[in-house]
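Listed here are the chains, written in short residue letters.
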Amino acid sequence: MNTASMLHPLLALLLAPLLPGVINRTKAFFAGRRGPPLLQTYFDLWKLFRKGAVYSRTTTWIFRAGPIVNFACLLAALMVLPLGRVAAPLSFAGDLVLLAYLLGLGRFFTVAAALDTGSSFEGMGASREVQFAVFAEPALLVGLAALARHAQALSLTPIYAGLSSASWSVSFPMLALLGMGLFILFLSENCRIPVDDPNTHLELTMIHEVMVLDHGSVDFGFVQWGSSLKLWILGALWTGLMPPGATGRPLLDLAAGVAWMLVLAVATGIAESIMARVRLLRVPQLLVGAGVLCALGLLLTFR
Amino acid sequence: MNNAIDSILIFLVLTDLILLGSSRLKNAIRFVALQGLALGLLPMLAHSQGVVWHAVLLGAGSALLKGFVFPSLMNRALRETNANREIEPFVGYISSLLIGVGVLALSFWSGARLSLPWEAASLLLVPAGLFTVWTGLFLIVARRKAITQVLGYIAMENGIFTLGMVLVEAMPLLVELGVLLDIFVAVFVMGIIVFHINREFDHIDSDQLAALKEGPP
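Every chain begins its residue count from 1, and numbering advances along the sequence as written. Here chains are named by letter from A upward and ligands by number from 1 upward, in the order in which they appear as written. Local features in this predicted model are restricted to residues of pLDDT 70 or higher, and side-chain atom pairs are both shown and tallied only at a pLDDT of 80 or more, whereas totals for entire chains, interfaces and linings draw on every residue. For side-chain calculations, the full set of non-hydrogen atoms in the structure is used, while hydrogens and water are omitted.

Some remarks on the packing of aromatic side chains
Working definition: rings of Phe, Tyr and Trp (its six-membered ring) pair if their centres are within 6.5 Å, and the pair is stacked with planes under 30 degrees apart, edge-to-face with planes over 60 apart, and tilted otherwise. Counted by the stated rule, this structure contains eleven aromatic pairs over all chains. Ring centres of Phe49(A) and Trp225(A) lie 6.1 Å apart, and the angle between their planes is 65°; on these two criteria the pair is classed as edge-to-face. A residue pair is termed long-range when its members are at least 10 positions apart, and Phe49(A) in helix 3 (residues 40-49) and Trp225(A) in helix 11 (residues 217-239) qualify at 176 residues. With 5.7 Å between their ring centres and 85° between their planes, Phe108(A) and Phe109(A) make a pair best called edge-to-face. Of the aromatic side chains, those joined through ring pairs into one cluster are Phe49(A), Phe71(A), Phe222(A) and Trp225(A). Lysine and arginine charges are scored as sitting over a ring when NZ or CZ, respectively, is within 6 Å of the ring centre and within 35 degrees of the ring normal. The ring of Phe161(B) is capped by Lys66(B), whose NZ or CZ atom sits 4.2 Å from the centre of that ring. Counting from the N terminus, the helices are DSSP H or I runs at least four residues long and the strands are E runs at least two residues long.

Notes on the packing of helix 1 (residues 3-15) of chain A against helix 4 (residues 61-79) of chain A
Residue and element names in this part refer to chain A. Running from N to C, helix 1 and helix 4 point in directions that differ by 140°, and their axes come no closer than 9 Å. What the angle tells us is that helix 1 and helix 4 run oblique. For the pair helix 1 and helix 4, the crossing hand works out as right-handed. Here helix 1 contributes Pro-9, Ala-12 and Leu-13 to the contact with helix 4, which in turn contributes Phe-71, Leu-75, Leu-78 and Met-79. Here the contact of helix 1 with helix 4 is composed, by residue class, of seven nonpolar, no polar and no charged. To get an axis, a line is fitted to the C-alpha atoms, and for a helix only the part in contact is used. The angle between two axes follows their N-to-C directions and goes from 0 to 180 degrees. Any angle that falls under 35 degrees is termed roughly parallel, while one over 145 is termed roughly antiparallel, one within 65 to 115 roughly perpendicular, and all others oblique. Throughout, a crossing is termed right-handed when the near helix is turned clockwise from the far one, and left-handed when it is turned anticlockwise from it by less than a right angle. In what follows, a contact means two residues having at least one pair of non-hydrogen atoms within 4.5 Å. Amino acids are sorted into nonpolar (Ala, Val, Leu, Ile, Met, Phe, Trp, Tyr, Cys and Pro), charged (Asp, Glu, Lys and Arg) and polar (every other residue, Gly among them).

As for the interface of chain B and chain A
Listed by partner, the interface residues are 19 residues for chain B and 16 residues for chain A. Summed over both partners, the accessible area lost on bringing two parts together, with a 1.4 Å probe, is the buried area. Interface of chain B and chain A: buried area, both sides summed, is about 1500 Å²; carbon and sulfur atoms make up 76% of it. By definition here, a salt bridge exists when the distance from a side-chain nitrogen of Lys or Arg to a carboxyl oxygen of Asp or Glu is within 4 Å. Put simply, chain B and chain A have zero salt bridges between them. Residues adjacent in sequence count toward polar contacts only when both atoms are side-chain atoms; beyond that, a polar contact is any pair of N or O atoms within 3.5 Å, and within protein one must be able to donate a hydrogen and the other to accept it. In this assembly, chain B and chain A are joined by one residue pair in polar contact (both at pLDDT 80 or more). Class assignment of the residues belonging to the side of chain B that touches chain A gives a composition of 14 nonpolar, four polar and one charged.

Quick word on the side chain of Asp196(A)
All names here are of chain A. Relative to the assigned elements, Asp-196 resides in the loop between helix 9 (172-189) and helix 10 (208-211). Put simply, Asp-196 is tucked away with no salt bridge, and the nearest opposite charge, on Arg-277, sits 6.0 Å away. Side-chain polar atoms of Asp-196 contact the backbone nitrogen of Ile-207, separated by 3.3 Å. Of note is the side chain of Asp-196, whose polar atom sits 3.2 Å from the backbone nitrogen of His-208. Accessibility here uses a 1.4 Å probe with only protein chains present; expressed as a share of the type maximum, an area under 20% marks a residue as buried, one over 50% as exposed, and anything in between as partly exposed. A residue counts as positive if it is Lys or Arg and as negative if it is Asp or Glu; His and the chain ends are not included.

Dropping the structure here:
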């Protein structure tokens, strides 16, 4: 462990709200608009954190716990998450399963808080979120299993530390399949366009936005910050696949990781600009497709 | 070299999965054509002695036939029948995909157990070939439209071609050319049959052909 790996969680907390800004600017560029400022999410967070909270009398502590627990889960996930070749602060055998379950626990509390409001509208969003999670979570675990088998390690830090430009030339097909699968998962888990449209508040399309409609002020601030953090965490799983290998200088590795993260944000913006949202009934098919890509990657490691 | 073969074979597997999961006939035709084009490169890469003229000829011939001639025949049939997509397949698309993954695992399992007379150019060769054959068979069984069944037939031939790459050193050119000719004639005949079924019954749903009987005199 070194300064870079201590720096990464802090950097993730600070820089994560930049990602939605980059995505929105890319989309605006494609649409020929100027778009919101890059730092818009920071302004939103600043505004929300200064507001007082109002809670409905029908809600219980579960509703208040939702955003906090979700945020806490994501923070804990950051602790075991390496960014490219930068080691995570904590690393032990099996931490990849912990990461998947922390994301699952965060999702569970978001869903429970949405159900706690008693609004049928939010119940609909919760149902959709869980339905798609049924397809997304196995795909994520299979993808992580493929990486673990490829690196012969059960912890995220050694898994990603072993990847480099050389491993791309040796096992190009497997890494390319995993890259595609994890990118689809990244888009779907963060409710980006082929699955959900983050711009609209139309009941037909909403998944994540609809679940957090009743949260306000500080709680909503944590929801927004949490969704940027989730963008960062799932993004790190993807960017870690990319070259270059470890340079030997931790700070340089950290810079490379952050640069790849920005590239990923731009790629997401491009994907959102050139693709249409798929019909809700076809989303499971897309996610099964992502799972198939990951499973094929896993099969390739058995040779 | 080996990576190039592997990439082609993985492309083959992925297009098989797309065929299992997509309902648009036009896309399906395009992907089968792409399969044919990609497979055209395989004989050259699989041959251990570098570029051999009969391997090049074989690849070029099959790419020409499967990449250009078949798709244009199929597109013609599609235009004349006004069928755009498979409406209600016997097996749904998501379950087809899941069955596909299961069959893929099965073909990897059985591919590892087959003992081959020669060392295959790539360890993926046999599993990918078996999977493509089974995908073709599955499409023939599980889809309604006659055009998809023809596509399944071509996909099956692609699989057989891939399996044939194991024997590329030993297989005479004439055998493979004979197979290609058979397929060509079959697709040609099927194109005509599809056209006639459509003209006679206004659709190409092959399952309804079972209900065919003579009307009362």
